[in-house]
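Residue strings, one per chain:
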Amino acid sequence: MIDRQVLQPEIISELIDNFGIKEKYNGHIRLNVGHINDTFKVCCHNKNYIFQRINTSVFKNIDGLIKNIADVTAYIRDKINAENSDERNEVLNILQGKDGKYCYTASDGAIYRIYDFIENAISYSGAYSPEIFKESAVTFAKFQRYLSGYPVEKITDSIPDFHNTAKRYEAFEAAVKRDIAGRRAEVEDLIAFVRKRKAYKDTVVDKLADGSIPVRVTHNDTKLNNVMIDRETGKGVCVIDLDTIMKGSLLYDFGDSVRFGCNTANESETDLDKVEADTEMFKAYVRGYLSVMKDTITSEELELLAFSGILMTYECGMRFLTDYLEGDVYFRVDEPLQNLHRARNQFKLVEDLEKKLKLFNRIVADTARDLSIGGGK
Ligand code: ADP
Ligand code: GN1
Ligand code: MG
């Protein structure tokens, strides 16, 4: 059994050898941010790297996932180079191993990959301002725009139906029925909350299926700590965590950013009085996002932009609750009730987003008017 907190010295040596790292290894630390992979900053002489153990119980199709990342980053790199801009604008650089592969199965049986470390940049999980949040919007939107010409058929869905809210709902009902961890009785109020809003689950799924909103290549995990912000200038530098690049809707990306960044509290906060949807943050995100996407977003997408925050928060809360019912098998938890706390937190945010939907729709409409957006392709 691998200790997820630890990166063993012999594995470090294997990886350094396989990926041809020439600089002398000086030490490493574990980064305790994401919920999925095990991430380590490895410091070498004059250069740092990210060594990542990929979570193979979450990601079943590693070849498809790695190919997505290698292809998409190469594609974006060409676009950035063609822009020839003075701004700091980067793309994740994944290292290629001796055998030509971008990941490596080590002697402990786990699969690893290495990225260049993005220096002098921060991934924010808290204590950020509307300006920082707006920059994250610009950076995610640019990422979306770079990929607007990328052939959708070249993308492998690394987790099929990842944001298919209808399928997520089915999984939730199955978990309630199975009640494998014996936790159902303590969460009846939350189960009722999800069921009451059942109609949400088909909104975007149906529109993607009937073609009224376009299928795009999307990031699908656009929380603020998946974008690196320059430590000095406060400008967005690079989108990271590319495991979930898949076919989807831009509403998934916009909505997930709102879910995380407009919450006045951290996603795991247990004091629900602290959880609210922050109007200033929402305004900032809309302005940043639309300033880049003004010629790309369609009027149907624009109309659902404010609602997408509710949808993605509802879906994520439902996923946390499902995982709690299943005994915490998916999301990394630092304490036993964390998935339950996260679910309660998300549902509190759903309620506040529902209350503010009219206001947030108006903010979208006003910003669109300001930016002379008519709804493009
Ligand atoms: P997870 O899928 O578990 O969320 P991430 O790929 O998002 O894993 O990595 C976790 C954290 O590690 C990020 O939030 C960020 O703080 C840091 N990180 C990841 N990649 C890099 C990188 N290339 N340079 C600097 N920091 C990084
Ligand atoms: C996970 O990998 P990370 O921590 O950035 C999850 C997202 C959830 C998020 C909730 C592959 O994101 O879908 O929205 O936690 N990623 C995966 O914080 O399931
Ligand atoms: Mg992450």
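Everything below is about the structure shown above.
Residues numbered from 1 in each chain as written. Chains lettered and ligands numbered in written order. Predicted model: local features only at pLDDT ≥ 70, side-chain atom pairs only at ≥ 80, totals over all residues. Heavy atoms only, no water.

*Asks:* Before we move on, could you go through the site of ligand 1 and cite the residues and values that matter?
*Replies:* Neighbouring residues of ligand 1: 19 residues in total, closest Asn37, Gln52, Ile118, Ser123 and Asn225. In this structure, an oxygen atom belonging to ligand 1 sits 3.3 Å away from a main-chain N or O atom of Ile36. Bound to the protein, ligand 1 loses 95% of the 550 Å² it would expose on its own. Class assignment for the residues of the shell around ligand 1 results in nine nonpolar, eight polar and two charged. (Near = heavy atom within 4 Å. Polar contact = N/O pair within 3.5 Å; in protein donor to acceptor, adjacent residues only side chain to side chain. Areas by Shrake-Rupley, 256 points an atom, 1.4 Å probe, with all protein chains shown as cover. Nonpolar A, V, L, I, M, F, W, Y, C, P; charged D, E, K, R; others polar.)

*Asks:* For the coordination of the magnesium ion (ligand 3), give the residues involved together with the corresponding values.
*Replies:* The magnesium ion (ligand 3) binds to the protein through Asn226 (OD1) and Asp241 (OD); the donor distances cover 2.2 Å. With Asn226 in the loop between strand E7 (216–218) and strand E8 (227–230) and Asp241 in the loop between strand E9 (236–239) and strand E10 (246–248), the pair connects residues that are 15 residues apart, well separated along the chain. (Donors = N, O, S within 2.8 Å, 3.2 Å for Na, K, Ca; no water. Helix = DSSP H or I, 4+ residues; strand = E, 2+ residues; numbered from the N terminus.)

*Asks:* Help me get a handle on the site of ligand 2, residues and values and all.
*Replies:* Taken together, 17 residues lie around ligand 2, and His35, Lys223, Glu267, Arg319 and Tyr330 are the ones closest in. One of the backbone nitrogen or oxygen atoms of His35 is found 2.7 Å away from an oxygen atom of ligand 2. Asn226 is positioned with one of its side-chain polar atoms (N or O) 3.1 Å from an oxygen atom of ligand 2. In the complex, 98% of the free accessible area of ligand 2, which totals 450 Å², lies under the protein chains.

*Asks:* Describe the packing of aromatic side chains, and please don't skip the residues or the numbers.
*Replies:* Scanning all chains against the criterion turns up 14 aromatic pairs. Aromatic side chains Tyr200 and Tyr314 sit 5.4 Å apart centroid to centroid with 85° between the ring planes, which places their arrangement in the edge-to-face category. One end of the pair, Tyr200, is in the loop between helix H5 (188–196) and helix H6 (203–209); the other, Tyr314, is in helix H9 (residues 299–325), with 114 residues separating them in the sequence. The cationic tip of Lys41 hangs over the ring face of Phe117; the distance from NZ or CZ to the ring centre is 4.4 Å. (Phe/Tyr/Trp six-rings, centres within 6.5 Å; stacked < 30°, edge-to-face > 60°. Lys NZ or Arg CZ within 6 Å of the ring centre and 35° of its normal.)

*Asks:* Describe the nonpolar core, naming the residues involved and giving the relevant values.
*Replies:* The biggest cluster of nonpolar side chains holds 108 residues, and the ones touching the most others in it are Phe282, Tyr289, Leu290, Leu305 and Leu321. In this structure, Leu15, Ile16, Leu95 and Ala110 belong to the second largest nonpolar core, which totals 18 residues. (Core = buried A, V, L, I, M, F, W, Y, C linked by side-chain atoms within 4.5 Å. Buried < 20%, exposed > 50% of the residue type's maximum accessible area, 1.4 Å probe, protein only.)

*Asks:* With reference to specific residues and values, describe helix H4 (residues 165–178).
*Replies:* A rise of 1.5 Å per residue sets the reference length of H4, with its 14 residues, at 20 Å; its end C-alpha atoms lie 20 Å apart and thus fit the reference within 8%. Among the residues making up H4, those that are buried are Thr165, Ala166, Arg168, Tyr169, Phe172, Ala175 and Val176. Once H4 finishes, Asp179 follows within two positions and takes phi at roughly 45°, a positive value. (Expected span 1.5 Å × (residues − 1).)

*Asks:* Break down the environment of Ala265 for me, with residues and values.
*Replies:* Note that Ala265 resides in the loop between helix H7 (250–261) and helix H8 (279–293). Spatially, the C-alpha atom of Ala265 lies 9.6 Å from that of Leu349, the residues being 84 residues apart in sequence. Among residues more than four places away in sequence, those in contact with Ala265 are Lys274 and Val275. (Contact = heavy atoms within 4.5 Å.)

*Asks:* Requested: an account of unusual backbone geometry, with residues and values cited.
*Replies:* The general pattern is negative phi for most residues beyond glycine and trans for most peptide bonds. The phi angle at Asp241 is positive, at roughly 55°, despite the residue not being glycine. With phi around 60°, Asp328 is a residue other than glycine that occupies positive phi space. Of note, Asp328 is situated in the loop between H9 and helix H10 (338–355).

*Asks:* Let's hear about the sheet that holds strand E6 (residues 121–122): which residues, and what values?
*Replies:* Ordered in space as E6-E8-E9, the three strands form an open sheet in which the pairing is antiparallel. Two strands close off the open sheet at either side, each with one partner strand: E6 and E9. Where E6 meets E8, two bridges bridge the pair, whose relative direction is antiparallel. What sits directly across from Ile122, in E8, is Ile229. In the packing of helix H3 (residues 130–146) onto the sheet, the strands contacted are E8 and E9, and the crossing angle to E9 comes to about 45°. (Pairing = 2+ DSSP bridges. Axes fitted to C-alpha atoms, helices over the stretch in contact; angles between N-to-C directions.)

*Asks:* Please provide a residue-by-residue account of the sheet that holds strand E2 (residues 38–44), values included.
*Replies:* Taken in spatial order, the five strands make up an open sheet running E1-E2-E3-E5-E4, and their pairing is antiparallel. Two strands close off the open sheet at either side, each with one partner strand: strand E1 (25–31) and strand E4 (104–105). By the bridge criterion, five bridges tie strand E3 (residues 47–53) to strand E5 (residues 111–116) in an arrangement that is antiparallel. The residue bridging Phe51 from the neighbouring strand is Ile114, located in E5.

*Asks:* Can you explain the environment of Asp366? Please cite residues and give values.
*Replies:* Take Asp366: it is sitting in helix H11 (residues 357–370). For the pair Asp366 and Asp273, spaced 93 residues apart in sequence, the C-alpha to C-alpha distance is 30 Å.

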